[in-house]
Amino acid sequence: MSLLEVTDLRVSFPTADGVVQAVRGVSFSVERGQTLGIVGESGSGKTVLTQTLLGLTPGGQISGSAMFEGKNLVGLSPRAMQRIRGKEISVIFQDPLTSLHPLYKVGWQICEMIRSHDKSVTKKQAIERAVELLGHVGIPRPRERVNDYPHQFSGGMRQRAMIAMAISLSPKLIIADEPTTALDATVQAQILELLLRLQQESDTALLMITHDLGVVADIADNVLVMYAGRAAEKASKRDIFYQPHHPYTKGLLESIPHSSASNDRLKPITGQPPSLITLPPGCAFHPRCAYVMDRCLVEQPNLIPVADAGEHKSACFLPTAAVGLTEEAEDLRKQTVEMGRHAQAVKVAEAIAAAPESEGSVIA
Amino acid sequence: MSTVRFLIRRILTGIVVLWLVSSATFFLFFAAIPVQDVARNLAGRAASPAVLQETINYYGLEKPILVQYGHFLGNLVHGNFGNSFYYQEPVTTIIKQDLPATISLVIGGTLLWLIAGLAVGILSATRARSLFDRLATVGVLAGISAPTFVVGELLILIVYTQLHQHGIGFIETGYAGITSGVGPWLGTMILPWVTLAIVQAAVYTRLSRGSLLDTLGEDSIRTARSKGLSERRVLYRHAVRSAMTPVVSQLGIDVGGLLGGVVVVESVFGLHGIGQQVVTAITNGDQPTVIAFVILAAMFVVVANIVVDLAYSALDPRVRIS
């Protein structure tokens with residue numbers, strides 16, 4: 001049994017401008033001790049998706065299920081949810097500068113979490129544990145720093161403190177929501193390394209939310225690519241990088257800057273992600289897709305197994321054999337598109353081709 | 001250590017402010033107009049030429065202005081505000097008489113409006129856009145719009161008059177010092193407190209509601225929830241704590257200002273506090289009293305600001321000097 005099994009999760013928010021469909025039927029599972037990377041642009045629903053698991057999306061209308069160790073997290077009573085938060089599933093948020101409470105000492109904030117789940121721990125024991133944890137995540141002189149306020153920590157150190165807090169109760173699952181986005185590049189690498197090390201030590205499962213495929217390459221076992229609130233592609237890390245099927249995944253890969261001194265220009269995905277209030281009909285990606293076909297305008301593709309492996313799934317009408325970045329795969333795609341593209345789809349394709357490249361978004 | 005140094009620096013700035021205020025007062029009253037007028041201002045409109053000459057001699061009004069200025073400041077430092085010609089007694093005696101009523105009014109009123117304002121503000125923020133919140137908004141609007149004298153008169157009409165008609169004499173007007181017993185003191189203070197609190201509580205409800213709504217949306221509150229804390233703890237230990245900083249600074253400004261005199265409430269209930277006395281002094285042209293109360297009011301504001309700064313550094317480690 002998987003540690004976490006999410007089935008057809010849907011989250012929407014009624015607003016004055018209309019209903020925001022943030023998550024539109026996503027299913028995935030996380031195994032014990034494994035890392036699932038959830039990748040997507042801003043507004044793809046990845047943050048809402050994970051916060052919904054812990055009931056942190058007030059005002060959202062939620063359906064579907066999220067089974068965590070036999071308990072459905074959707075519709076759990078507030079009290080039962082409190083016992084899971086921090087103890088069973090903990091979260092590391094994106095911005096370490098604002099995630100810690102500015103008016104309380106870092107150590108106090110860690111102790112508060114420990115003691116709120118286990119009343120038998122004394123203040124002194126909790127402080128000792130906090131010192132130990134801060135040392136463990138690589139904060140120098142933890143015994144002194146435990147009495148510092150967050151503003152006395154650098155951004156990287158604050159994120160380390162957040163991580164110390166997240167692992168303090170040895171949770172079974174850690175949700176890391178873009179934990180490195182707000183940090184500079186060298187610190188990013190250190191934080192990822194730390195997460196990886198801690199995960200290997202404790203056999204914790206990790207749900208890594210990111211817009212950065214580089215991060216996924218570093219630490220994920222499996223990857224879920226999200227687009228406009230739905231899963232575009234779901235596969236092992238290997239398959240995502242070497243056998244991508246969905247044009248969106250392919251676009252993400254091609255927009256990664258390579259550090260090697262190649263003169264290739266980045267290929268951004270043209271256009272912007274759609275508004276989650278007024279989604280395009282059919283496949284939500286079709287207005288930006290170079291392989292747009294007639295049926296993409298009217299029919300919404302579902303996740304189906306592609307290539308030979310049963311675990312590799314993609315939500316695209318291109319032939320299931322068309323995986324990877326090889327010329328054969330590209331030929332297969334082109335042939336299919338030629339047969340499947342008429343009147344309306346031709347217009348869409350021409351609009352995409354005519355769009356200036358500068359308007360596209362480089363995501364990696 | 002740093003707090004002591006911080007305090008010393010703030011006290012020194014406070015003294016500079018007081019010096020500026022008293023200097024401005026001095027030059028307005030003593031230097032900007034002819035000596036005869038100064039003497040008339042000090043001795044009262046009805047003073048005879050002999051009395052005027054006596055006043056000129058007493059205050060040394062014909063001496064060089066800088067000498068007078070030094071004398072004026074020297075007196076201030078010793079707590080000597082001169083004599084009120086109107087009451088024929090030292091101004092300090094008048095201050096001692098009137099201050100207890102104002103202090104009673106302000107402290108009691110502050111407690112009342114803080115409790116009411118914060119309670120309604122917090123409930124409104126946690127139940128934003130609920131029926132309670134909407135009713136509270138209407139109440140706030142009514143409280144802010146209602147003129148103090150109308151509220152005061154209404155309370156007298158409804159509570160005081162009704163009780164007296166039914167032979168219950170607990171609520172009285174005027175001021176009974178706390179030395180005359182807690183009962184009588186409460187009897188004279190309750191209505192003024194409520195009057196003062198109604199207007200102020202409205203301001204504090206709005207302030208705390210807005211501030212709390214802002215903090216409830218902050219990332220650190222989401223973190224607190226994700227730690228598995230109870231909603232009550234998230235609200236009070238995390239959100240309210242952050243939301244209190246603007247309330248504290250507003251409180252300092254209000255209390256400092258009000259201690260200088262709550263003219264309308266004091267007058268409506270005949271409390272004979274500082275505010276009422278100032279108005280009387282202005283009407284009577286009792287200049288020494290007016291000067292003293294101007295400086296006294298400035299002092300309260302200065303002290304309140306220092307207290308706010310101290311409270312701020314106690315509340316928020318980021319403004320502490322390391």
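Residues numbered from 1 in each chain as written. Chains lettered and ligands numbered in written order. Predicted model: local features only at pLDDT ≥ 70, side-chain atom pairs only at ≥ 80, totals over all residues.

**Section: the overall build of chain B**
Helix and strand counts for chain B stand at 13 helices and 2 strands. Principal-axis analysis of the C-alpha atoms places the extent of chain B at approximately 80 × 65 × 35 Å. Here chain B holds 322 residues, and 34% of them are scored as buried. Partitioning the intrachain contacts of chain B with sequence separation of at least 6 by distance along the chain shows that 70% fall at a separation of at least 24. (Helix = DSSP H or I, 4+ residues; strand = E, 2+ residues; numbered from the N terminus. Buried ≥ 20, exposed ≤ 12 C-beta atoms within 10 Å, placed from the backbone. Contact = placed C-beta atoms within 7 Å.)

**A look at the confidence of the model for chain B**
Interpretation of the predicted coordinates at a detailed level should be avoided for regions scoring low in pLDDT. Per-residue confidence for chain B averages 89 on the pLDDT scale, and 99% of its residues sit at or above 70. Predicted complex metrics record ipTM = 0.88 and pTM = 0.85. (pLDDT = per-residue confidence, 0-100.)

**Some words on the domain arrangement of chain A**
Residue and element names in this part refer to chain A. We note that the domain assignment places domain 1 (4-226) and domain 2 (253-359) within chain A. One C-alpha centre belongs to domain 1, the other to domain 2, and the line joining them spans 32 Å. Each side of the interface is counted separately: domain 1 has 11 residues, and domain 2 has 6 residues. Broken down by secondary-structure element, the contributors of at least two residues to the side of domain 1 that touches domain 2 are strand E2 (18-30) and helix H9 (213-219). Split by residue class, the side of domain 1 that touches domain 2 holds 4 nonpolar, 5 polar and 2 charged. (Domains from an automatic or database assignment. Nonpolar A, V, L, I, M, F, W, Y, C, P; charged D, E, K, R; others polar.)

**Let's talk about the environment of A:Leu183**
All names here are of chain A. As for its position among the elements, Leu183 is in the loop between strand E7 (173-177) and helix H8 (185-202). For Leu183 and Gly156, which are 27 residues apart along the polypeptide, the C-alpha to C-alpha distance reads 6.6 Å. Leu183 has contacts with Gly155, Gly156, Gln159, Gln188 and Ile191, leaving out every residue within four places of it along the chain.

**A word on the sheet that holds E2(A)**
Residues and elements named next belong to chain A. One open sheet holds the 4 strands; their spatial order is E2-E1-E4-E5, and the pairing between them is antiparallel. Two strands lie at the open edges of the sheet, namely E2 and strand E5 (71-72), each paired on one side alone. The strands touched by helix H1 (residues 46-53) within the sheet are strand E1 (4-15), E2 and strand E4 (61-68), with E2 carrying the most contacts at an inclination of about 70 degrees. (Pairing = 2+ DSSP bridges. Axes fitted to C-alpha atoms, helices over the stretch in contact; angles between N-to-C directions.)

**Overview of the sheet that holds E7(A)**
With mixed pairing, the 8 strands of this open sheet are ordered in space as E6-E7-E8-E3-E9-E10-E12-E11 (chain A). The open sheet terminates on both sides in strands that have one partner only, identified here as strand E6 (89-92) and strand E11 (304-305) of chain A.

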